[in-house]
Amino acid sequence: MAQRVTGLFFKTQQMKKKVNFTRPTPQVFNEGSAKTDNSQKKLWRQYKAQKCISGKITVAALRDYAAHLVHEGFNSTLCYISAAVSMEAQGGNLETAHFDRLYKNLRRSIAAVLARRMMIAKKAPPLGRMHLSVLSGRQREIAIVLCALGLRKDTVLAIKRKQVFLKVKGTTLVGAQLSVRQDKTNKLRTVHLDCTCNGRKEKDHVFCPVHEPKDLAKVFPITEAELTGTATSCETSTHGFRRTHCLASRIRYEAEKNSAIAEACRIRQGWSSNSPEYFKYSMDVAQYTLGDLLVCHREG
Ligand SMILES: [Zn+2]
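Residues numbered from 1 in each chain as written. Predicted model: local features only at pLDDT ≥ 70, side-chain atom pairs only at ≥ 80, totals over all residues.

Remarks on the confidence of the model for the protein
The condition that has to hold: For every residue, the predictor assigns a confidence score, pLDDT, that lies between 0 and 100. To qualify as a helix, a DSSP run of H or I must reach at least 4 residues; to qualify as a strand, a run of E must reach at least 2; elements of each kind are numbered from the N terminus. Contact between two residues is assigned whenever their backbone-derived C-beta positions fall within 7 Å.
Here the protein shows a mean pLDDT of 83. Residues at 70 or above account for 83%. The least confident element of the protein is helix α1 (residues 2–18), whose mean pLDDT is 38; the most confident is helix α9 (residues 224–233), at 96. Taken together, the stretch residues 1–32 has pLDDT below 50 and engages in 47 contacts with residues farther than four places along the chain or on a different chain.

Quick look at the packing of helix α3 (residues 59–71) against helix α4 (residues 77–90)
Heads up, the rule is: Fitted lines through C-alpha atoms serve as axes, helices being fitted only where they are in contact, and the angles separating the N-to-C directions of these axes extend from 0 to 180 degrees. The hand of a helix crossing depends on one turn: near helix anticlockwise from the far one by less than a right angle means left-handed, and clockwise means right-handed. The nonpolar class holds Ala, Val, Leu, Ile, Met, Phe, Trp, Tyr, Cys and Pro. Asp, Glu, Lys and Arg form the charged class, and all remaining residues, Gly among them, are polar.
Close contact between α3 and α4 brings their axes to 10 Å; oriented N to C, the two are set at 145°. For α3 against α4, the interelement crossing comes out right-handed. The segment α3 lies against α4, with Leu-62, Tyr-65, Ala-66, Leu-69 and Val-70 engaging Thr-77, Tyr-80, Ile-81, Ala-84 and Val-85. When grouped by side-chain class, the residues that make up the contact of α3 with α4 number 9 nonpolar, 1 polar and no charged.

Looking at the environment of Arg-138
Within the secondary structure layout, Arg-138 lies in helix α6 (residues 137–149). Sequence separation of Arg-138 and Lys-214 is 76 residues, and the distance between their C-alpha atoms is 8.9 Å.

Considering unusual backbone geometry
Between Phe-220 and Pro-221 the backbone carries a cis peptide bond, its omega angle lying at 5°. Counting through the fold element by element, Pro-221 comes out in the loop between α8 (203–206) and α9.

Describing the sheet that holds strand β3 (residues 188–194)
This is how the line gets drawn: In this description, strands pair whenever DSSP reports at least two bridges between them.
If you trace the 3 strands from one edge of the open sheet to the other, you get β1-β2-β3, paired in antiparallel fashion. Two strands close off the open sheet at either side, each with one partner strand: β1 (164–169) and β3. In this sheet, neighbouring strand axes are inclined to one another by 25° on average, regardless of whether the strands run parallel or antiparallel. Bridge count between strand β2 (residues 172–181) and β3: 7 bridges; the pairing is antiparallel. Bridge pairing in β3 links Ala-176 to Leu-193.

Concerning the environment of Pro-125
This is how the line gets drawn: Exposure is read from a count of other C-beta atoms within 10 Å of each residue's own; the residue is exposed at 12 or fewer, buried at 20 or more and partly exposed in between. C-beta atoms are placed from the backbone.
Following the sequence through the fold, Pro-125 ends up in the loop between α5 (99–123) and α6. Pro-125 sits in the partly exposed class, given 17 other C-beta atoms within 10 Å. Considering only alpha carbons, one finds Pro-125 and Phe-241, 116 residues apart in sequence, at a separation of 9.0 Å. What Pro-125 contacts, discounting residues up to four positions off in sequence, is Glu-235, Thr-236 and Gly-240.

A few points about the packing of α6 against α9
Our working rule: An angle below 35 degrees is treated as roughly parallel, one above 145 as roughly antiparallel, one from 65 to 115 as roughly perpendicular, and anything else as oblique.
Viewed as axis vectors pointing N to C, α6 and α9 meet at an angle of 90°, and their least axial separation amounts to 10 Å. The orientation of α6 relative to α9 falls into the category roughly perpendicular. Where α6 approaches α9, its residues Arg-138, Gln-139, Ile-142 and Ala-143 are matched on the opposing element by Glu-226, Leu-227, Gly-229, Thr-230 and Ser-233. Looking at the contact of α6 with α9 residue by residue, the classes come out as 3 nonpolar, 4 polar and 2 charged.

See below:
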């Protein structure tokens with residue numbers, strides 16, 4: 001992903017050199033409802049303030065904004081860019097030199113980056129029980145905890161030890177509360193890890209994210225090398241943990257038709273309520289059973 005984002009920046013530099021000074025009227029694209037449009041414009045205003053952007057808005061500035069959005073995981077980056085362009089056009093604030101051509105190219109490259117990313121994410125193989133035998137002890141605990149969490153890679157890598165609070169009942173460890181970065185913002189949100197073994201000893205069958213690790217308090221921080229190494233050992237990419245989490249949820253959802261199951265998964269994955277991503281991420285659900293996946297397949 002980092003390389004693709006760099007690619008966006010690189011193109012900016014090339015395009016700057018080619019700009020000449022004819023000034024056609026920019027073509028303005030608009031999409032989405034008034035409400036989402038307002039929140040999209042708000043984000044652009046915040047970004048401009050943060051980056052101290054003033055004066056005429058160039059396609060290069062929009063490209064940097066798009067790279068930022070893509071990096072932050074906005075699948076609707078094109079809508080956000082449209083909202084920014086619409087807002088600046090209304091204020092007569094667009095740098096008009098060759099705008100239409102450069103803007104069209106920008107939209108095309110954003111669409112290509114997003115399409116590639118979506119394809120990679122949705123095709124990542126889930127982590128399966130068959131991989132257990134090749135994992136080290138540390139990799140095993142990372143795999144089980146991350147499949148249970150379903151968080152984005154960046155969010156996982158930012159979790160520090162002091163953000164993990166153990167939950168103890170009497171003298172028994174029953175779970176943990178994690179304070180993690182809310183996707184696309186600098187705020188924190190709370191996610192829970194709960195024991196799935198409930199005192200049972202057959203840990204091979206329950207993959208308890210609380211009791212599989214030797215010491216849950218010390219699982220985090222997880223380094224990028226550990227995360228990538230675990231994914232590679234399980235023959236998948238770093239999207240594999242989220243895919244496993246989503247597939248496991250979808251299998252339960254299909255069996256029980258309980259919308260609370262889908263909703264809980266959407267919250268963990270950082271998707272909005274009713275987001276279609278839930279179904280897109282798990283469209284090959286029929287190929288798997290809970291018994292295949294590296295997650296708990298029993299109710300606690
Ligand atoms: Zn447990």
